[in-house]
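Next come the chains, spelled out residue by residue.
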Amino acid sequence: MTLSSLAQDVAKDFDAPDSLYREDQFYLNITYNTLQNRPDGLKQNKLSPGLALGFLRDMPLNKKRTVSVAAGLGYSLAIYNQNMGIIDVGNETTYSILNPDEISFSKNKLALHYVDVPIEFRWRNSTPESHKFWRVHLGVKLRYLFYDQYKLESSQGNYSQTNLADLNDLHYGVYLTTGWNTWNLYAYYGLNPLFKSSAKIDGQSIDMNTANFGIMFYIL
C-alpha cells in the first residue's frame with residue numbers, strides 16, 4: 001500500500017488592503033510660540049519657534065477604524081525670545097523688563113525642554129485602500145520640564161542660567177490637530193502658568209501661559 005499527500009503553497013498578497021490598519025503613529029510638529037497673560041511691558045521679539053516629535057499608539061474603537069484613541073510619548077522644545085531679564089543676584093533670581101534706554105541686547109532667550117505625554121480622541125475618514133484622508137484629533141497633553149536655559153547677550157555683557165527654580169516642572173494643556181493628508185494645522189493652549197507664584201516683576205506675579213500654533217506631520 002502506498003500513501004501519498006499533496007501540499008499546496010499559498011502565496012501571500014502583500015499588496016492586499018490591511019483591514020486592521022493603524023494611522024498617524026509617528027509625529028513631527030513645528031510651531032510658533034506665543035506668551036499669554038503677559039505682565040505689563042513684556043513683549044516678544046524675533047521668532048519664538050517650537051519643535052516636537054514622538055510616537056502615538058493608535059487604538060481604533062469601531063469596525064471601520066474611523067474613530068480611535070491614541071496615547072504616546074514624545075519630546076518638545078519651546079523657545080521664547082522676549083524682553084524679560086532673568087538675573088541671579090545673591091542666590092535670588094530677579095525678573096525685570098529690560099529698558100532699551102539702559103541696555104540693548106541681541107539675544108534674550110528662554111529655552112524649555114519637555115517630555116510629553118499626549119492623549120487624544122481621533123476621527124478620520126480613512127479606508128484600508130487609501131492613506132489620504134481628513135482627520136480631526138482633539139487631545140490633552142501633559143508635559144514635564146526636564147531642562148531649561150536662559151541666555152542674554154547684551155551691551156552690558158553676556159549671561160546664562162539653567163534650571164530656574166521658579167519654573168513649573170509640570171505643565172498641561174489642550175490641543176487640536178486637523179487637516180488633509182500630509183498638511184495639518186495644530187493649536188495648543190496651556191492651562192497652567194509657566195512660572196510659579198514666587199516669580200514676580202515689581203510685585204506682580206508672572207502668570208504667563210503659552211499658546212502654540214503650527215503644522216503637524218504624521219508618519220505611518
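Residues numbered from 1 in each chain as written. Predicted model: local features only at pLDDT ≥ 70, side-chain atom pairs only at ≥ 80, totals over all residues. Heavy atoms only, no water.

**Notes on the nonpolar core**
Generally speaking, soluble globular proteins have nonpolar side chains that are buried together.
Working step 1: Grouped together as the largest cluster of nonpolar side chains are 23 residues, with contacts concentrated most on Met-84, Tyr-95, Leu-112, Leu-194, Phe-195, Ile-206 and Met-208.
Working step 2: For this core, the secondary structure elements donating two or more residues are strand 3 (67–81), strand 4 (84–89), strand 6 (105–124) and strand 7 (134–154).
Working step 3: Dropping the residues within four chain positions of it, Met-208 is found in contact with Leu-35, Gln-36, Asn-37, Arg-38, Pro-39, Leu-42, Met-84, Pro-193, Leu-194 and Phe-195.
Working step 4: In terms of nonpolar packing, the next biggest core, distinct from the first, is built from 9 residues, Tyr-27, Leu-56, Ala-70 and Tyr-175 among them. (Core = buried A, V, L, I, M, F, W, Y, C linked by side-chain atoms within 4.5 Å. Buried < 20%, exposed > 50% of the residue type's maximum accessible area, 1.4 Å probe, protein only. Helix = DSSP H or I, 4+ residues; strand = E, 2+ residues; numbered from the N terminus. Contact = heavy atoms within 4.5 Å.)

**Focus: the pairing of strand 10 (residues 183–190)**
Working step 1: Of the two faces of strand 10, the one holding Asn-184, Tyr-186, Tyr-188 and Gly-190 is buried and the one holding Trp-183, Leu-185, Ala-187 and Tyr-189 is not buried anywhere.
Working step 2: Inspection of the sheet shows strand 9 (residues 170–180) paired to strand 10 by 8 bridges, in the antiparallel sense. Following the sheet pairing, Thr-177 is matched in strand 10 by Tyr-186.
Working step 3: Once strand 9 ends, the chain turns through 2 residues before running back antiparallel as strand 10, passing Asn-181 with a positive phi of about 60°.
Working step 4: Summarising the sheet, strand 10 and strand 13 (residues 209–219) pair through 6 bridges and their orientation is antiparallel. (Pairing = 2+ DSSP bridges.)

**As for the environment of Lys-46**
Working step 1: Here Lys-46 is to be found in the loop between strand 1 (26–36) and strand 2 (49–60).
Working step 2: Assessed through its relative accessible area of 60%, Lys-46 is described here as exposed.
Working step 3: For the pair Lys-46 and Lys-107, spaced 61 residues apart in sequence, the C-alpha separation works out to 9.3 Å.
Working step 4: With near-sequence residues (within four places) excluded, Lys-46 lies in contact with Asn-81, Ser-106 and Lys-107.
Working step 5: Engagement of the side chain of Lys-46 in a polar contact is seen with the backbone oxygen of Ser-106, the distance being 2.3 Å. (Polar contact = N/O pair within 3.5 Å; in protein donor to acceptor, adjacent residues only side chain to side chain.)

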